[in-house]
Structure formats: C-alpha cells, structure tokens
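One letter stands for each residue in the lines below.
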Amino acid sequence: MKKAILVLLTSLALYFGNAQYSNLPIIGLDTGFVNPYNYKVVKTKQYSKASVSSAHPLASLVGATILRRGGNAFDAAIAVQWVLAVVYPGAGNIGGGGFLVGHHWDGKNIAIDYRETAPSKASKDMYLNNEGNVQSRLSQQGHLACGVPGTVAGLFETKKYGHLSMRTLIQPAIDIAEYGFVITEREANGLNSTKASFNANSTQPSVFVKETPWKAGDTLINKDLAETLKRIRDFGERGFYEGKTAKLIIEEIRQGNGIMTLDDLKNYKAKSRNAIVFNYKGYDIVSMPPPSSGGILLCQMMKMIEGRNISRYPFQSPQAVQLMVEAERRAFADRATYMGDPDFWKVPLKTLLDDNYINHRMADYDSTKATPSTSIKAGLIKESDQTTHISILDKDGNMVSVTTTLNGSYGCRTVVGGAGFLLNNEMDDFSAKAGAANMYGAVGGVANSIQPNKRMLSSMTPTIVLKNKKPFLVVGTPGGTTIPTSVFQTLVNIIDYKMNGDDAVNLPKFHHQWLPDEIAFEPAFPTDTKKALESIGYQLTKRESIGRTELIRQLADGKKETIADKRGDDSVAGY
Ligand code: GLY
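Described below are features of the structure shown in this document. For every chain, the first residue of the written sequence is number 1, and numbering continues from 1 along that sequence. For this predicted model, a pLDDT threshold of at least 70 governs which residues receive local features, and a threshold of 80 or more governs which side-chain atom pairs are given and counted, while totals over whole chains, interfaces and linings are taken from all residues. Note: side-chain values were computed over all heavy atoms of the structure, leaving out hydrogens and water.

**Quick word on the overall build of the protein**
A count of helical and extended segments in the protein gives 18 helices and 19 strands. Within these notes, the globule rule equals 2.2 Å times the number of residues to the 0.38 power, and the radius of gyration is based on C-alpha atoms. For 575 residues, the compact-globule estimate of 2.2 N^0.38 gives 25 Å, and the C-alpha radius of gyration of the protein, at 22 Å, lies within 12% of that figure. Across its three principal directions, the C-alpha atoms of the protein cover 70 × 65 × 45 Å. Remark: exposure states derive from per-residue accessible area (1.4 Å probe, protein chains only) relative to the maximum for the residue type, with buried under 20%, exposed over 50%, and partly exposed in between. Relative to its 575 residues, the protein shows a buried fraction of 64%. Whether two residues touch is decided by their heavy atoms; if any such pair falls within 4.5 Å, the residues are in contact. Across the protein, every contact between residues at least 6 apart in sequence was considered, and the portion connecting residues at least 24 apart equals 73%. When charges are counted, Lys and Arg are positive and Asp and Glu negative, with His and the chain ends excluded. Think of each charge as sitting on NZ of Lys, CZ of Arg, CG of Asp or CD of Glu. Taking the average place of the 65 positive charges on the side chains of the protein and the average place of its 56 negative ones, the gap between the two points comes to 3 Å. Here a helix means four or more residues in a row that DSSP labels H or I, a strand means two or more in a row labelled E, and each is numbered from the N terminus.

**Considerations on helix 3 (residues 73-87)**
Taking 1.5 Å of rise per residue, 15 residues should cover 21 Å, and helix 3 covers 20 Å from first to last C-alpha, within 8% of that figure. Most of helix 3 is tucked away: 15 of the 15 residues are buried. By the criterion applied in these results, polar contacts are pairs of N or O atoms within 3.5 Å in which, for protein atoms, one can donate a hydrogen and the other can accept it, and in which residues neighboring in sequence qualify only through two side-chain atoms. Two or three places before F74, at the opening of helix 3, N72 has a side-chain oxygen 2.9 Å from that residue's backbone nitrogen. The span expected for a helix works out to 1.5 Å for each residue beyond the first.

**As for the side chain of S287**
Looking at the element boundaries, S287 is found in strand 9 (residues 283-287). Only 2.9 Å separates the side chain of S287 from the side chain of T463, close enough to count as a polar contact. Those residues in contact with S287 that sit more than four places away from it in its chain are V101, A275, I276, G295, L298, T461, P462 and T463.

**Regarding the environment of T463**
For T463, the location among the structural elements is in strand 12 (residues 463-467). Contact partners of T463, with chain neighbours within four places excluded, come to I285, V286, S287, L298, S401, L473, V474, V475 and V487. A polar side-chain atom of T463 sits 2.9 Å from the main-chain carbonyl oxygen of T461.

**A look at unusual backbone geometry**
Generally, phi is negative for residues other than glycine and the peptide bonds are trans, each holding for most cases. Residue P291 is bonded to the preceding P290 through a cis peptide linkage, with omega at 20°. The residue P291 is located in the loop between strand 9 and helix 12 (294-306) in this model. Each neighbour pair has its own omega, and for L515 with P516 the value is 0°, a cis peptide bond. Looking at the secondary structure, you find P516 in the loop between strand 14 (510-511) and strand 15 (519-521). Of note in this structure, N309 is not a glycine but carries a positive phi near 45°. On the secondary structure map, N309 appears in the loop between helix 12 and helix 13 (318-338). Note on N309: relative accessible area 40%, which makes it partly exposed. Although it is not a glycine, R413 sits at a positive phi angle of roughly 75°. With respect to the secondary-structure elements, R413 resides in the loop between strand 11 (399-405) and strand 12.

**Regarding the pairing of strand 3 (residues 97-103)**
Of all seven residues in strand 3, seven are buried, a share of seventy percent or more. Because side chains alternate across strand 3, one face comprises the buried residues G97, F99, V101 and H103, and the other comprises G98, L100 and G102, equally buried. By definition, two strands form a pair when at least two bridges between them are found by DSSP. By the bridge criterion, seven bridges tie strand 3 to strand 11 in an arrangement that is antiparallel. Across the sheet, the residue bridging to V101 is S401, located in strand 11. Note that strand 3 and strand 4 (residues 109-114) share six bridges and pair antiparallel. If you follow L100 over to strand 4, its bridge partner there is I112. The hairpin formed by strand 3 and strand 4 contains five residues between the paired strands, and G107 there has a positive phi angle of roughly 110°.

**A look at the nonpolar core**
Nine residue types can take part in a nonpolar core, namely buried Ala, Val, Leu, Ile, Met, Phe, Trp, Tyr and Cys, and a core is a set of them joined through side-chain atoms within 4.5 Å. Ranked by size, the top nonpolar core spans 85 residues in total, and within it W82, L229 and I392 carry the most contacts. Among the elements that make up this core, the one with the highest residue count is helix 3 (13 residues). The contact partners of L229, leaving out residues within four places of it in the chain, are W82, V86, I94, I170, A173 and I174. M304, V347, V492 and Y497 belong to the second largest nonpolar core, which has 58 residues in total.

**So, the packing of aromatic side chains**
Any Phe, Tyr or Trp ring, taking Trp's six-membered ring, that has another such ring centre within 6.5 Å forms a pair; planes under 30 degrees apart are called stacked, those over 60 apart edge-to-face, and the others tilted. One pass over the structure, following the stated rule, counts 10 aromatic pairs. Here Y283 and F472 contribute two aromatic rings whose centre-to-centre distance is 5.1 Å and whose plane-to-plane angle is 40°, an arrangement assigned as tilted. Placement of Y283 in strand 9 and of F472 in strand 13 (residues 470-476) is noted, with a sequence separation of 189 residues between them. In this pair, the class of Y283 matches that of F472, namely buried. An aromatic cluster of three or more residues is present, and its members are F240, Y241, Y268 and F421. Cation placement over rings: the criterion is NZ of Lys or CZ of Arg within 6 Å of the ring centroid and within 35° of the ring normal. A cation sits over an aromatic face here: K210 above W214, 4.8 Å from the ring centre. Seen from the ring of F472, K467 lies directly overhead, with NZ or CZ sitting 5.3 Å from the centre.

Given below as structure tokens:
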C-alpha cells in the first residue's frame, strides 16, 4: 500500500511539475493534500482565495489543489468531475451527462449543455408493450435505458475557458482509479445494496461487485477505468467517443440488446446555450436554460414571490411556506406542458419568463386555503434524485456551478465490460407515454416525448448569483424535481432571510411539484407549520432528505464562505 501511495503522490507531483508550473512545490504527504487513503469530510470553512464544494472530499481536494497551482474555476471543475467519476460512482460519471453554468471574470455568462441524447434508433413508443403499457424496467435498468453519454464532450467544451492541459486535469483521476482510494460507509452501503442489480444488468464482472460485503475503509481499485481515462488523456474526446472505449461501450450495449451505435457516440456534441438571466431584488441570477427546466422554474418561482415581501413572515411560518409552495405548484404545472429539448420543441421561453405572465399565474393565489392542483393544469414529469453538484469560485472571480448525473443511483446499473464505468438511465427522464406515470409516479407530455437524438428534459439547476456585477453565490444541488425548489429555498434563505450559508443549506427543506398534490418535508420541518397548513387543506408527506446543496458565498471581507450539505459525504476545500 505504501508503494501505491508513493507512486500516486509522485505522479501527482509530476503532472504539476510541467513546464509552466515547474517552480511550484510538489504535492506530498507533508502537505496533507489529496491522500486517497486518508481523508476527512469538511462541512464548512471560509477560504481567503478560492474554494470548491462537492459530493466527495477527494474531488474537492483535487479541485482546490488545481486552484492553488494556477488553474482557474473551469480547470478545477473539469478535474473535480474526472475525480468524481472515480470516487463517487453513484452519480459522478463519464457515462452520463450534465450542465455547467459559469461566469467568467470578464463578465461573460456561460452555459454548457452536455445532456445525454436519445440514440438514433430510439422511438416514441420504445418502452411500450403490445398493449400500449409502459415497461418501466426497460427505461430504468439495463442497456436500453441508456442515453448517449455527454460528460466527456462537456468537459472538453469547458476546457475552452481553462488554462491547464487536459493531461494535467485528468491525471489525478487516473491515479486514484489505478492505485485505489478508501471508500466511505455511505459508498459501501450503496455498492452493497446495488450488488444484485449490477449483476443483473452487466454482461461482465466488475470491480463494484465482490463476494464479501463492502465496508467503510475498504480500498476500491478500478484499473479498467484508469485505462479508459488514459485513452481520453492520450486521444482527447476521441479516446471516449471512438476507438477502443467506444467499441467496449457498443459491445456491452449489443450484448444487452441495447440500441446505441458507434455513430451515436461519434456524433455526440456538447452545446453552448444562452443562460437564463433574471434579476431578483437587485441580485442578478444566472441559471440553466432548456433542455433543463431548472432555470425557468427558478425564475418563475422567485418572480412569483418577489413583490410579496416574504420576510415579513417568520422563516418557515405557515404563511411563508404557503407562498413558496403556491409558486412552486404553478411553476411546475408549466414544466410538463411547455418544456423539452429546444432543438426539437419550441419552448415559449419569452412568455414563460415574462413578468406579466408570471404575475398573472399568481393572480388566483389565496392565502386562506390550498389551491388544488386540479384547478391549475394537468401533467407532470418527475425525476429521480441521484445526481451531484459542484460549486467553485476562484481568486479572479470566475464562478462555476455544475450539476451532473447518471439519473438513478448508479445509473442503469450496467458497467461497461472492460471499461470500468457505469452507464446512465437518463432515457427515463423522457415521457415514455403521454399521461402514463414514470418510475416515480409522474406523467409527462409531448414536449418531452422520445425522438431520435433528442435531449430528455432535466430539472438540474446549476446557478450563480451576482451582486453589483460581482460574484456573490455559487449554488446547486442534486434531487430530481426537488432541485429547483431547493435552490429557490436556499436563495430566499440568504437574500430574504439574511441567513448564513450553513443555515441556508442545512435547515429543513420542503417541496411541492404540482402533482402529486402534496408538500414533501424533511423530518425537522416545524410541526406547528405542518399542522397549520393541514388545517387549510394541504397534504404533507415526510421525506428523509431533500437535496445535497453545495454553496459558496462571497462575503463582504472577500472571504469565501464554503458549505457542503450535511446530508451526504459532501466536503469543501480551498485556500
Ligand atoms: N436526471 C435528473 C435530472 O436531469 O433532472
């Protein structure tokens, strides 16, 4: 083991020892950075220069090291995602997709879409049986559930905004995959509970499955993944979308009766989009446009409450919760009907973001009772909650907010034989049949129906906030349909209730998504508020946890208040 540590640390030292950065000190045991066999979770810290918050301590530590060694927030975002693909296989990925919202120090807003696409052989009714019923298992598990992965293309698109070479940024992930890292208790539990599903949905044995149960402190070594990452390092995007990796993916898909082809991989493109930008009480909020619904929902919800002075009601009082819930209900009602991949469906963006339209949506708000969802509109698309978020703010004022996912936990549970990584089950984010419930009991419509090469609608809401044109917040979370409502609450907590970052992230969250017509709430949600809402017609349902928010706030003294959600192994790092 000692030898492995030395090799890893030497190699970390070597890649930082490239020509441009050769005068910088190497990373070694003495610095205490990035030791994959011994790391700890840090939940809250203020950093003076730059920081990262992500779902895993090793990913945050590598990101902070990149920032320290001269990389900017975009470089760090790339390195963090490569590492998450190794150390957080439930959601970190190269077999999935994501969105990046960024702000360059020169004032430019950036939105990169690397959402998966439906394979070219996909068709509207591909998950229906002869009776026209949805076969949910096929859209949720195994080879047919998988969309064409976008993450690798997205990271190369992101590189346009960074300084360091991809070789530098990917090497920490290669080393951690090759020499291993110790897993957390949460990861051990996740791998153990998914064992049967990995076996059922993969054609070859993988490192994620072993005879005896995983336990905290075990070392996970993934040599196949290290080799896959090396091919990306050596051949760029083509090292994934063509050549040996592509062949391994398609061979796995073919043996499992999937439909993705080599051409699907070769033709995949990440896309730059125009970010959604709106103002809330003097703060400029920048978020993700379609094919995510996140930015539109966030804008609608915030604008619906903006003129109603929510902070006159105490935090999570019945009046405050009701106002937010009714905004959430109305925004989500629009989601099912109007939102889909803008390259295939005309999303009425201008109207959905128009102040008059949004105000009109709240015209029937009645603070004395619940508005039943049946009186608003029909149809809903709900999504799963295994996704992951990264927030980064660097010393020059570059801000990066990335949400990335395999969709379900460990995606479709198919490990690409010989390549060491999991594929997504993002096809389940399409509406398999208008009006039919998906795996979470939700329904969707034609805007999000399956079409070849189309991107499935998402809820991911990577968001940044500027105040007087300067960085103020970087924020986002996993959580399926609870993503936009969690970001909404976090922003209201900070802007309206003047909370510190820790409280804004960690106090209990609640969620309404129009259908089902209920408020989901975390266990610590105030009982008096629950009772008061029930008395005016709301139904409330307890949910173990909502989201895992990663937040960085620029404080007035220049420090970066950096918060990792208490709900997971999430951890911060910086300097
Ligand atoms: N698969 C989760 C989302 O995109 O919203």
